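Chains, contacts and geometry: an overview
Residues per chain, in single letters:
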Amino acid sequence: MSEIPLTIGTTVALPKSEFDGLLNGLRQLGYETIGPQIKDEAVIYDSITSLADLPRGYTSEQDAGKYRLVYAGHNNYFDVTPGAQSWKKYFFPPRSEMAAFRRDPENPRRWLVEEPKAKYPLYALIGVRPCELAALQIQDRVFLREDLKDPIYRARRQGAFIVAVNCLHPGGTCFCASMETGPDAKTGYDLCMTELDDDFLVQIGSEAGRMALATQEWHPAAAFLLNQAKSGLEKARQNMGRSIANFRELPEALLRDMENPRYDQIAKRCMSCANCTLVCPTCFCWDTREVNELNGQRASRERVWDSCFNLEYSYVFGGNSRPLVRSRYRQWITHKLGSWWKQFDTAGCVGCGRCISWCPAAIDFTVEAAELRKEVKP
Amino acid sequence: MTTRTMELSAAIIPNKPMQPFWAVIDEIQSEAPSVSTFWLRFLDPGLQAGFRFQPGQFNMLLVPGVGESAISISSSAEDNKRVGHTIRFVGNVTTAISRLKVGDVLGVRGPFGTSWPIEKHVGQDIMIAAGGIGLPPLRTVIYHIINHRSDYGRVVVLYGARTPQDLQFTREYKEWEKAGIEVVVTVDRADDKWEGPVGVVPLLFYRLRMDPRKTVIFSCGPEIMLRFVVFEALARRISSDRIYISMERNMKCGQGFCGHCQMGPYFVCKDGPVFTYAQLEPYFNVEDI
């Protein structure tokens with residue numbers, strides 16, 4: 001079939017049996033292929049070499065404070081919605097060296113800057129959900145600004161190959177449809193797949209995607225398959241476990257009402273454990289850590305994930321600007337749904353639902369957003 | 001250390017935002033107990049000659065192995081021979097800085113943040129209200145006014161410290177007064193020799209009669225002081241877009257991508273530290289924001 005030219009925007013059918021060929025092709029191009037797999041009873045992201053590594057037949061039960069993998073026995077590889085991990089760990093690693101210095105051998109009172117030696121891996125991310133793709137694009141706005149390009153993020157992000165997977169079976173804590181990020185991927189992918197019974201419908205999103213697919217054993221996508229995907233996505237849109245209504249109205253509503261008594265009520269349940277910020281695919285806050293060699297000859301500065309729920313996060317001399325859990329939860333939700341718009345011209349939430357599933361106190365972000373927008377008369 | 005001469009007006013590399021530039025400590029001047037001014041000179045002479053900042057901006061100062069701290073520049077923006085930072089020794093980094101000697105080096109990134117818009121208010125009366133370690137970033141404004149005295153009307157400096165010993169830059173007050181600046185200094189706790197006012201800075205407003213139509217306020221100090229400065233200023237009908245305050249928050253990057261310094265929608269390091277009260281008004285009085 002490959003004598004028919006593929007172009008960006010084309011959709012073809014790739015039999016599931018041919019998928020390993022695509023993976024092999026990507027690895028031959030130098031990509032490390034990463035995908036979902038099961039470890040310790042949860043879906044995580046790690047290296048894959050074949051479809052056999054994927055969680056075929058699994059689905060997940062998710063609810064506030066609840067995440068359970070369930071074996072459903074079906075033939076789908078990408079049906080299980082994400083676990084605690086998100087792809088951000090590949091571009092914004094939990095720990096990375098930002099700068100390193102070595103004492104000047106000729107003058108021990110001075111330091112020399114070490115040029116970074118790190119060779120960044122080339123990633124092919126396989127099975128990126130639309131919500132997660134939207135999250136990556138939000139982090140792009142944070143780390144790759146007009147006036148500032150974070151070198152760690154840029155080096156890892158710019159060469160990455162992204163295979164998105166449209167979501168046909170959203171989970172119980174999913175609300176991407178209401179955040180307008182899913183269940184179908186819009187932009188930012190090299191290839192976008194919809195998983196059907198025997199085939200993946202693959203849409204080409206970029207030149208890199210076109211080249212990776214061109215040498216594979218694809219077939220034309222017939223109307224039957226296209227309709228199946230279309231109706232599946234429409235059904236998924238109707239089957240979201242949760243929703244946030246009119247999220248564009250929230251910045252105004254939340255930022256105007258910072259003293260809402262609901263925050264006191266939330267503070268009684270929230271343990272300020274920072275789980276929500278760690279599982280959130282858009283959270284970008286980081287702290288610095290100084291790392292010294294014991295002989296005092298080398299000092300480096302590391303970047304580590306931080307959270308607005310940590311007390312030290314807002315430390316200033318003489319105190320802390322957010323000493324109470326109430327103010328820390330308020331920072332989290334007003335940032336995600338409110339002030340993020342003013343900073344980055346988008347919401348900071350994509351509706352993936354992780355913060356709900358992984359909250360040990362079962363605090364439901366969508367419920368709190370709805371409660372906080374209610375007019376409260378003092 | 002290889003010295004390169006570069007055409008740089010700032011110690012910032014846009015695609016290496018966390019990379020410092022080395023500066024040698026040229027002189028250390030004691031200002032008060034636990035407060036000293038560190039005069040830095042960039043090792044790269046091209047950068048030293050080209051380095052420009054606006055009054056009110058800050059640098060991130062790095063002690064390798066210890067960490068970075070956001071420190072306001074306290075020297076004149078028109079002095080391109082060296083850059084002064086007046087530092088109070090209170091945390092890990094500043095305590096490590098206090099142990100450094102002339103000839104040691106510090107890493108510098110900057111300048112960052114917004115500035116006191118002194119040039120926007122030519123022809124007007126300037127009121128500077130500073131508390132404690134809030135004076136150093138405003139000293140840059142005082143120097144600007146001295147250098148361009150005829151550009152401004154009445155200029156008043158209100159300054160307060162805990163005790164007379166804690167007052168900074170005392171050797172300069174005469175010079176400021178000679179330039180036609182009213183200097184009113186107060187302390188929280190007087191000693192036997194103190195003859196000036198006792199009390200907090202906002203109380204000094206009651207000693208003055210400022211013309212609200214042409215007065216601009218620049219204020220920096222503890223947040224509680226800022227609250228009352230704003231209160232007194234508004235009570236005197238000085239409009240909220242003519243009250244400028246400099247905020248303090250935890251800062252790790254200085255460029256609005258580590259998240260720590262957020263205050264409502266603002267990154268204090270990038271959108272501030274100098275704000276008009278009109279900008280801050282929806283958030284300033286929210287507790288623990």
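Treat the numbers as computed from the prediction; the structure is a model and nothing was measured.

**Observations regarding the overall build of chain A**
Assigned secondary structure in chain A consists of 13 helices and 16 strands. Taking 21 Å as the expected radius of gyration for a compact globule of 378 residues, we find that chain A reaches 22 Å, a close match to that expectation. Projected onto the principal axes, the alpha-carbon positions of chain A cover approximately 70 × 70 × 40 Å. A burial count over chain A gives 46% of its 378 residues as buried. Nonlocal contacts in chain A, meaning residues at least 24 apart in sequence, comprise 72% of its contacts between residues at least 6 apart.

**Considerations on the sheet that holds strand 6 (residues 105-112) of chain B**
Residue and element names in this part refer to chain B. Ordered by their spatial adjacency, 6 strands build an open sheet running 4-3-6-1-2-5, and the pairing between neighbours is antiparallel. Because the sheet does not close on itself, it has two edges, and the strands there are strand 4 (67-72) and strand 5 (83-88). Sheet twist, expressed as the mean angle between neighbouring strand axes with direction ignored, is 40°. Inspection of the sheet shows strand 1 (residues 21-32) paired to strand 2 (residues 35-42) by 8 bridges, in the antiparallel sense. Bridged to V24 within strand 2 is R41.

**Some words on the domain arrangement of chain B**
Residue and element names in this part refer to chain B. For chain B, the domain assignment lists domain 1 (21-112) and domain 2 (118-246). Spacing between the C-alpha centres of domain 1 and domain 2 amounts to 24 Å. In this complex, domain 1 contributes 15 residues to the contact, which on the side of domain 2 involves 16 residues. Put simply, the parts of the chain that give the side of domain 1 that touches domain 2 at least two residues each are strand 1 and strand 5.

**Observations concerning the pairing of strand 3 (residues 58-63) of chain B**
Residue and element names in this part refer to chain B. Buried residues dominate strand 3, accounting for 6 of its 6 residues. In this structure, strand 3 lies alongside strand 4, joined through 6 bridges in antiparallel fashion. Paired with V63 across the two strands is G67, which belongs to strand 4. Between strand 3 and strand 4, which follow one another and run antiparallel, lie 3 residues, and G65 among them has a positive phi close to 90°.

**So, unusual backbone geometry**
Note the cis peptide between A:G182 and A:P183, where omega equals 5°. Here the residue pair B:G272 and B:P273 is connected by a cis peptide bond, since its omega of 10° sits within 30 degrees of zero. With phi around 75°, A:A274 is a residue other than glycine that occupies positive phi space. Within the secondary structure, A:A274 is located in the loop between helix 9 (262-269) and helix 10 (275-279).

**Quick look at the environment of B:L226**
All names here are of chain B. If you trace the backbone, L226 turns up in helix 5 (residues 223-235). Under the C-beta neighbour-count criterion, L226 is labelled buried, with 25 such atoms within 10 Å. Residues L226 and Q255, spaced 29 residues apart in sequence, show a C-alpha to C-alpha distance of 24 Å. Among all residues touching L226, those that are not within four sequence positions of it are S219, G221 and I245.

**Quick notes on the environment of B:Y283**
All names here are of chain B. Structurally, Y283 can be placed in helix 7 (residues 277-284). Separated by 20 residues in sequence, Y283 and M263 place their C-alpha atoms 7.4 Å apart. Apart from the residues lying within four places of it in its own chain, the contact partners of Y283 are M263, G264 and I289.

**Describing the sheet that holds strand 10 (residues 215-220) of chain B**
All names here are of chain B. Taken in spatial order, the 6 strands of this open sheet run 9-8-7-10-11-14, and their pairing is mixed. Strands at the two margins of the open sheet, each flanked by one partner only, are strand 9 (181-187) and strand 14 (274-276). The mean angle between the axes of side-by-side strands here comes to 15°, regardless of whether they run parallel or antiparallel. With 6 bridges joining them, strand 7 (residues 125-131) and strand 8 (residues 155-161) adopt parallel strand pairing. By the bridge assignment, I126 is partnered in strand 8 with V155. Packing of helix 5 onto the sheet brings it into contact with strand 7, strand 10 and strand 11 (243-246), and relative to strand 11 it is tilted by some 180°. Contacting strand 11 and strand 14, helix 7 runs over the sheet at an angle of about 85° to strand 14.

**Some details on the domain arrangement of chain A**
All names here are of chain A. Annotation of chain A at the domain level lists domain 1 (11-94 + 103-238) and domain 2 (247-372). Domain 1 and domain 2 are separated by 25 Å when their C-alpha centres are compared. At the level of secondary structure, the elements contributing two or more residues to the side of domain 1 that touches domain 2 comprise strand 5 (66-71), helix 3 (130-143) and helix 5 (176-179). Considering every element that reaches the side of domain 1 that touches domain 2, the biggest residue donor is helix 3, with 8 residues.

Criteria and thresholds
Residues numbered from 1 in each chain as written. Chains lettered and ligands numbered in written order. Predicted model: local features only at pLDDT ≥ 70, side-chain atom pairs only at ≥ 80, totals over all residues. Helix = DSSP H or I, 4+ residues; strand = E, 2+ residues; numbered from the N terminus. Rg over C-alpha atoms; globule rule 2.2 N^0.38 Å. Buried ≥ 20, exposed ≤ 12 C-beta atoms within 10 Å, placed from the backbone. Contact = placed C-beta atoms within 7 Å. Pairing = 2+ DSSP bridges. Axes fitted to C-alpha atoms, helices over the stretch in contact; angles between N-to-C directions. Domains from an automatic or database assignment.

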